[in-house]
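# Examining the three-dimensional arrangement
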Amino acid sequence: MTDKPRWFQTTAIDYPNSRPHIGTAFEKLGADVQARYRRMEGFDVYFLMGNDENTLKVADRAKELGQEPQAYCDDMARQFQHVWRALDISFDTFVQTSHERHKQCCRKFVQKVHDNGYIYKGSYEGWYCPGCEEFKSDKAHAEHAGQCPAHKRPLVRRSEPCWYFELSAFQDRLLKHLKETPEFVQPESRRNEMIGFIEAEGLQDLNISRHGEQWGIKLPFDPEFTIYVWFDALLTYVTGIGYGDDEATFRKHWPADVHFIGKDITRFHTHIWPAMLWAAGEEAPKKVFSHGFVNNNGEKMGKTLGNVVDPLEIIAKSSTDAYRYYFMRECPFPSDGDYSGQRFEEVYNSELANNLGNMLSRGLTLVTKNYESKLDGTANETPESVVPNLNLAEFVATVRGHVEACRYNLALQAIVQDFLTPTNQYLETNAPWKLVKTDKDAAKRVLFNAVQSLRIASILLKPFIPKSAEAIYTSFNFPKPWAEVEYADAAELKAQPDDLRVTAELVEGKVKPLFPRIG
RNA sequence: CGCGGCGUGGAGCAGCCCGGUCAGCUCGCCAGGCUCAUAACCUGGAGGUCGUAGGUUCAAAUCCUACCGCCGCAACCA
């Protein structure tokens, strides 16, 4: 077990101000496909998710609902995890930043950075609204003629003590790292953006303290202050694997292989986060993958626009795998995508129902009706390829490359267009339903070959639609246990020791559609 | 001159980095075939001056320049 390569990945942790929507779910899904793929490929995967609870908004929201902040957070954490489980997100741990363990580890980290000399006391000066009891940005001051937009009262210039993280000290090292480590920020366009930002504006020291808050984590060296929520949120990635209280586990997993995040928080993860780690004497993560956003019918989605879509609604009308397939197939993970109910139906019906699902029905029915579910004499026979001009090993390598680069839409496109559709053509050309009347052995051979396509497709689709892929694979007596299949198994056509037979359960002799058409 | 993305047949997209084999894919539409299958599948067809104008080149959707149009971010709605 110890010789397995390890794979530690995270998603961004969410503010639990409101329930998850299809945008937040998009990230978890993309991350989950990667985690499932890595597990198949023999990695010792650890997949961390969590909620970011030490923000004032959370405390405010709890107060609105008349709840204790902690009770509110715990309840939201339950709800989030409920949605993630409904989507078959295979996370290994779920961190809540309001929990004591995180707080303790967090304090140790901050103390370490302080001990290393990268945190200093200074003062923050800005425009302050006595009504809001908070600082407003210079921009807000300029745009509202020096008044608070909420209270319509003049903002006052105010200065107060605070603690700074010396981000500027890492500017040169960071720029060098960004330039010399192309894989550190993906996709490429984001990396260029991050390099450009430093070159144009440089890095300013960061105020990491907040004064006079009750909710949040206190600075260990100055309990008057709480830690700025971003500083504490990023630490989830290390406190969740034992930083500060379980050295062995931490050393096993860190540095992270990849952080999956939204494009809007790329700077936090590629400027501030590596600097924080270096300041504490730790390594930077190996990769930060910045994914795109999901629109709703071409429009930006947001709470204030009132057009957020709940993943559970979509699942209720279709299925978990249909949901997973749509977003991974239709929305390019590195860039933006779009959700619409109509498009969802189109993709589902044409690719899952008519193509993949229907192919399974055809295969099962033909074998069941004509050969009583068993293809005698096929044991130890090597199947032939049903797709002309396709080098199977190369094809699988291509799909693998797409999955590893998180180009999930292209991986699925290749599976459908270059593999499933040609398999349908093969069936049409060889018409085993006709052939069986004149040459039963020849027809058997055709079916034996065609069924292999289902085996291969199910393996390649396992990270994307785990339940359905399993249902396809286990419809036949393929020798290798489902839990052990890997992509390499899809790359070759092999003989099996027993005659091929149907093991799927039939209802009154009929095949139950895997993906019933919708709409 | 803030930053970034995009503009390809009716709709949605791929291709552009590494110019030619590119005008491709899905949906929709029309005609035909088949009937094993979830009214599914297969074949053929109509439909595009690849935003506009220049330039480089033997050759440009693909490289360069300018312009037009749309959209994000810049304001803690992932």
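In this text the structure is predicted, and so the values were computed from the model without any measurement.

Counting its secondary structure elements, chain A contains 20 helices and 17 strands. Taken along the three principal axes of its C-alpha coordinates, chain A extends 95 × 45 × 40 Å. Counting only residues that meet the buried cut, chain A has 54% of its 519 residues in that class. Split by element, the accessible area of chain A, about 22800 Å² in all, is 48% carbon and sulfur.

Attention now goes to the packing of aromatic side chains. We describe a pair of aromatic rings using the distance from one ring centre to the other and the angle between the two ring planes. Counted under the stated rule, the structure contains 35 aromatic pairs. A ring pair is formed by Tyr243 and Phe250, whose centres lie 5.2 Å apart and whose planes are at 85°; its orientation type is edge-to-face. The residues Tyr243 and Phe250 share a single accessibility class, namely buried. An angle of 40° between the planes, with centres 5.1 Å apart, marks the rings of Tyr326 and Phe344 as tilted. Taken together, the positions of Tyr326 in helix H13 (residues 320–330) and Phe344 in helix H14 (residues 341–371) put the pair 18 residues apart, joining distant regions of the chain. In this structure, Tyr326 and Phe344 share a single accessibility class: buried. What links up through ring pairs into an aromatic cluster is the set Phe8, Tyr46, Phe109, Tyr237, Tyr243, Phe250, Trp254 and Trp273.

A few words on the sheet that holds strand S13 (residues 288–291). Pairing is parallel across the open sheet formed by six strands, whose spatial order is S3-S2-S1-S12-S13-S7. Each edge of the open sheet is held by one strand with a lone partner, namely strand S3 (93–96) and strand S7 (185–186).

What follows is about the side chain of Ser361. The residue Ser361 is located in helix H14 in this model. Owing to a relative accessible area of 18%, Ser361 belongs among the buried residues under this scheme. Among all residues touching Ser361, those that are not within four sequence positions of it are Val511 and Pro513.

Around RNA strand B there are 37 residues in total, and Lys300, Gly357, Asn358, Arg362 and Gln417 lie nearest to it. Sugar plus phosphate: this is where 64% of the atoms of RNA strand B within 4 Å of the protein reside. Separating a phosphate oxygen of RNA strand B from a side-chain N or O atom of His21 is a distance of 2.7 Å. If you list the elements that add at least two residues to the surface near RNA strand B, you get helix H1 (22–40), H14, helix H16 (408–430) and helix H17 (432–438). At 11 residues, H14 tops the list of elements feeding residues into the surface near RNA strand B.

With that settled, the discussion passes to the packing of H14 against helix H18 (residues 440–461). At a closest axis distance of 10 Å, the pairing of H14 and H18 adopts a crossing angle of 145°. Judged by the sense of rotation from one axis to the other, the crossing of H14 with H18 is left-handed. Contacts between H14 and H18 involve Leu356, Met359, Leu360, Leu366, Val367, Asn370 and Tyr371 from the former and Lys440, Ala443, Lys444, Leu447, Leu454 and Leu461 from the latter. The residue inventory of the contact of H14 with H18, partitioned by class, reads 10 nonpolar, one polar and two charged.

Attention shifts here to the confidence of the model for chain A. Note that predicted coordinates carrying low pLDDT should not be read in detail. Of all residues in chain A, 95% attain a pLDDT of 70 or more, and the chain-wide mean is 90. Within chain A, helix H5 (residues 138–143) has the poorest average pLDDT of any element, 64, and helix H10 (residues 247–253) the best, 97. We note a pTM of 0.94 for the whole complex and an ipTM of 0.87 for its interfaces.

In this section: the pattern of salt bridges. Throughout the structure, instances matching the rule amount to 34 salt bridges. In this structure, Arg362 and Glu428 form a salt bridge, with 3.2 Å as the shortest nitrogen-oxygen distance. Here Glu428 lies in helix H16 and Arg362 lies in helix H14, a separation of 66 residues in the sequence. Here Asp489 and Lys480 are joined by a salt bridge, their closest N and O atoms 2.9 Å apart. Classification of Asp489 as buried rests on a relative accessible area of 10%. What makes Lys480 partly exposed here is its relative accessible area of 26%.

Strands sit in the order S9-S11-S10 across an open sheet of three strands; the sheet is antiparallel. A single partner strand is all that each edge strand has here, and the edge strands are strand S9 (209–211) and strand S10 (218–219). In this sheet, strand S11 (residues 222–227) lies alongside S10 in antiparallel orientation, the contact comprising two bridges. Bridging across to S11, Leu219 finds its partner in Asp222.

Taken N-terminus to C-terminus, the directions of helix H15 (residues 392–404) and H16 make an angle of 155°; their axes are 7 Å apart at the nearest point. Classified by the angle their axes make, H15 and H16 are roughly antiparallel. Considering how the two elements wind past one another, H15 and H16 form a crossing that is left-handed. Of the residues in H16, those touching H15 at Leu392, Phe395, Val399, His402 and Val403 are Tyr408, Leu410, Ala411, Ala414, Ile415, Asp418 and Phe419. Residues belonging to the contact of H15 with H16 are distributed by class as follows: 10 nonpolar, one polar and one charged.

Note: most peptide bonds trans; most residues except glycine with negative phi. The amide bond that connects Gln186 to the next residue, Pro187, takes the cis arrangement and shows omega of -5°. Along the chain, Pro187 turns up in the loop between S7 and helix H7 (188–201). In this structure, the amide linkage connecting Trp254 to the following residue, Pro255, adopts the cis form with an omega of 0°. Despite not being glycine, Asn380 shows a phi value in the positive range, around 65°. Mapped onto the elements of the fold, Asn380 is located in the loop between strand S16 (374–375) and H15. In this model, Asn389 sits at a positive phi of 60°, which is unusual for a non-glycine residue.

By the criterion of burial, strand S1 (residues 6–11) is predominantly enclosed, with six of the six residues buried. Residues Arg6, Phe8 and Thr10 line one face of S1 and the alternating positions Trp7, Gln9 and Thr11 line the opposite face, and both faces are buried. Alignment of S1 against strand S2 (residues 44–51), held across five bridges, turns out to be parallel. Each residue of the ladder has a partner; that of Gln9, found in S2, is Phe47. For the segment spanning S1, H1 and S2, crossover handedness is right-handed.

How each quantity is defined
Residues numbered from 1 in each chain as written. Chains lettered and ligands numbered in written order. Predicted model: local features only at pLDDT ≥ 70, side-chain atom pairs only at ≥ 80, totals over all residues. Heavy atoms only, no water. Helix = DSSP H or I, 4+ residues; strand = E, 2+ residues; numbered from the N terminus. Buried < 20%, exposed > 50% of the residue type's maximum accessible area, 1.4 Å probe, protein only. Areas by Shrake-Rupley, 256 points an atom, 1.4 Å probe, with all protein chains shown as cover. Phe/Tyr/Trp six-rings, centres within 6.5 Å; stacked < 30°, edge-to-face > 60°. Pairing = 2+ DSSP bridges. Contact = heavy atoms within 4.5 Å. Near = heavy atom within 4 Å. Polar contact = N/O pair within 3.5 Å; in protein donor to acceptor, adjacent residues only side chain to side chain. Axes fitted to C-alpha atoms, helices over the stretch in contact; angles between N-to-C directions. Left-handed = near helix turned anticlockwise from the far one by under 90°. Nonpolar A, V, L, I, M, F, W, Y, C, P; charged D, E, K, R; others polar. pLDDT = per-residue confidence, 0-100. Salt bridge = Lys/Arg side-chain N within 4 Å of Asp/Glu carboxyl O. Parallel < 35°, antiparallel > 145°, perpendicular 65-115°, else oblique. Right-handed = clockwise from strand over helix to strand, strands pointing away.

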